[in-house]
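Observations on the model geometry
Below are the chains, spelled out letter by letter.
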Amino acid sequence: MSPAETSVLVLTPVGRDAQIAASILAASKIDAHICTSLEDTLPLLDQAQCLVVAEEALINADRSRLAAWVEKQPAWSDFPIVLLVMRGTDFDQRLAFLDRYLIVLERPFLASSLTNSVRSALRARARQLEVKSYIEQKQEVADRQKLLIRELHHRVKNTLANVRAMMGATAKSSGNIEDFMRDFSARIVSLADTHSMLTDDYWQTASLHKLLERELRHYETRDTPRIVLEGPEVSLIADIAIPVGMAFHELASNSSKFGALSRPLGRLDVRWSVGRSGDARIVNLDWKELDGPNVEPPTRRGFGTTLLEKVVAVQCDASIQLNYLREGLHFTMALPLRESRLVPAYS
């Protein structure tokens, strides 16, 4: 059995003590690895759970590296050491640096004494490792909370900027206060829906399919379905999901006013796939409107066009194409995916 697979190291270099100790432990189903010197033992300590060592193996060796290893132990760690000493002798003060870690066993000893001492040491180490795991989990929760707070600050800042931009663009394109209130309210609702989706998701991401579905479900007909959404499951992080969700809202709204969704027989086909460009994963989305009114290129730039070309293209590093074909709008987007920066939480 290799040292990495054992829990107990045995260092008793005189005579057959090591073999006897290892066989006693083996009889109790305790894995042991025999070391020939302190120099050989030191590299194995980080993987072990206990050290059984004869006093003379430490007295007659350079203990400086062992003392340094002990000094560097984290606060949760009291690495257990079963020290074998001769009966009737005083404790050698040169080993005082190990005092808090020691279980002292006098020789000669019963097999049961060695077994019980090692079992006690292993139980103590197991409790220490449980404390270590708890501390690490608490730290991961704290790190996640810090990251969530940073994400929240970042998202609030971006959201307020988006709302301000929406308000200004909506005001410019509205003929009266009623138009402004209707369009601005619809855009705020769409933005809120995307935020709700992000908040509900553990990883703070939004499904591309659900973003499209939420924006387009109001225009679907039960008797004769006219909207096709087809593509693999894709999760978008907040920095991408928010502008992309707003873009889908503008495309759907414009289609319902001027495009295919403004006609009972009009159809919308949205398909996407995931590919690669170098190391980056890319979502290639194709939005095609069919059987609607004849399309003419717009005479002015609206909020939707500005959002696609200035926000989605720039903020999301996306490649955007708007083709105003006579038979229907054809929109394509190549969107690089980014990974979530959040870490798992533990309860």
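The preceding data block contains the structure.
Every value quoted in this text rests on a predicted model; they were computed, and no experiment measured them.

Conventions used here
Here the residue numbers are simple positions, counted from 1 along each chain's written sequence. For this predicted model, a pLDDT threshold of at least 70 governs which residues receive local features, and a threshold of 80 or more governs which side-chain atom pairs are given and counted, while totals over whole chains, interfaces and linings are taken from all residues. Only hydrogens and water are set aside; all other atoms, that is, all heavy atoms of the structure, feed into the side-chain values. Helix and strand labels come from DSSP, where a helix needs a run of H or I of at least four residues and a strand needs a run of E of at least two; each type is numbered from the N terminus. Per-residue accessibility, obtained with a 1.4 Å probe over protein chains only, is compared with the maximum for each type, and a residue is labelled buried under 20%, exposed over 50%, and partly exposed between these values. Whether two residues are in contact is decided by their heavy atoms: any pair within 4.5 Å suffices. Each accessible area value is a Shrake-Rupley result obtained with a 1.4 Å probe; residue values ignore everything except the protein chains displayed when judging cover. Residues belong to a common nonpolar core when they are buried Ala, Val, Leu, Ile, Met, Phe, Trp, Tyr or Cys residues joined through side-chain atoms within 4.5 Å. By definition here, a salt bridge exists when the distance from a side-chain nitrogen of Lys or Arg to a carboxyl oxygen of Asp or Glu is within 4 Å. A fitted line through C-alpha atoms represents every axis, and for helices the fit uses only the stretch in contact; the resulting angles, taken between N-to-C directions, go from 0 to 180 degrees. Crossings are classed by handedness, with left-handed meaning an anticlockwise turn of the near helix from the far one by less than a right angle and right-handed meaning a clockwise turn. Strands qualify as paired when DSSP identifies two bridges or more between them. Orient the strands so they point away from the viewer, and a crossover whose first-strand-to-second-strand path over the helix runs clockwise is right-handed.

**Considering the overall build of the protein**
Looking only at helices and strands, the protein features nine helices and 12 strands. Classification of the 347 residues of the protein by burial places 41% in the buried group. Considering only contacts within the protein whose residues lie at least 6 apart along the sequence, 68% involve residues at least 24 apart. As presented, the protein carries roughly 19300 Å² of accessible surface, and 53% of it is formed by carbon and sulfur atoms.

**A word on the nonpolar core**
Ranked by internal contacts, the top residues of the largest apolar core, which has 40 residues, are Leu-236, Phe-248, Leu-285 and Trp-287. No other element matches the nine residues that helix H8 (residues 238-258) contributes to this core. Other than its neighbours up to four places away in sequence, Trp-287 contacts Leu-212, Leu-216, Phe-248, Leu-251, Ala-252, Leu-268, Asp-269, Val-270, Leu-329, His-330 and Phe-331. Counting 24 residues, the second-largest nonpolar core is a separate cluster that includes Leu-44, Ile-59, Phe-79 and Leu-83.

**So, the pattern of salt bridges**
Applying the stated criterion across every chain yields a total of 14 salt bridges. For the salt bridge of Asp-17 with Arg-107, the shortest nitrogen-to-oxygen distance reads 3.7 Å. With Asp-17 in helix H1 (residues 17-27) and Arg-107 in strand E5 (residues 102-107), this residue pair connects regions lying 90 residues apart in the sequence. Residue classification places Arg-107 among the buried positions, given a relative accessible area of 10%. The salt bridge involving Arg-87 is made with Glu-106; its shortest N-O contact spans 3.5 Å. Here Arg-87, found in the loop between strand E4 (81-86) and E5, pairs with Glu-106, found in strand E5; they are 19 residues apart in sequence, far enough to count as distant. The exposure class assigned to Arg-87 is exposed, which follows from its relative accessible area of 53%.

**A few points about the packing of helix H7 (residues 208-216) against H8**
The geometry of H7 relative to H8 is characterised by a closest axis approach of 9 Å and an angle of 35 degrees between their N-to-C directions. In the packing of H7 onto H8, the handedness of the crossing is right-handed. For the pair H7 and H8, the contacting residues are Leu-208, Leu-211, Leu-212, Glu-215 and Leu-216 in the first and Ala-241, Gly-245, Phe-248, His-249 and Ala-252 in the second.

**Some points on the sheet that holds strand E9 (residues 267-277)**
If you trace the five strands from one edge of the open sheet to the other, you get E7-E9-E10-E12-E11, paired in mixed fashion. If you trace the sheet from one side to the other, it starts and ends with strand E7 (227-230) and strand E11 (319-325), each paired once. Sheet twist, expressed as the average angle between the axes of neighbouring strands with direction ignored, equals 10 degrees.

**Some remarks on the pairing of strand E1 (residues 8-11)**
Burial of the side chains of E1 extends over both faces: Val-8 and Val-10 are buried on one face and Leu-9 and Leu-11 on the other. With three bridges connecting them, E1 and strand E2 (residues 32-34) associate as parallel partners. Bridge pairing in E2 links Leu-9 to His-33. The parallel pair E1 and E2, bridged by H1, forms a crossover whose chirality is right-handed. Taken together, the four bridges between E1 and strand E3 (residues 50-54) define a ladder with parallel strand orientation. Paired with Leu-11 across the two strands is Val-53, which belongs to E3.

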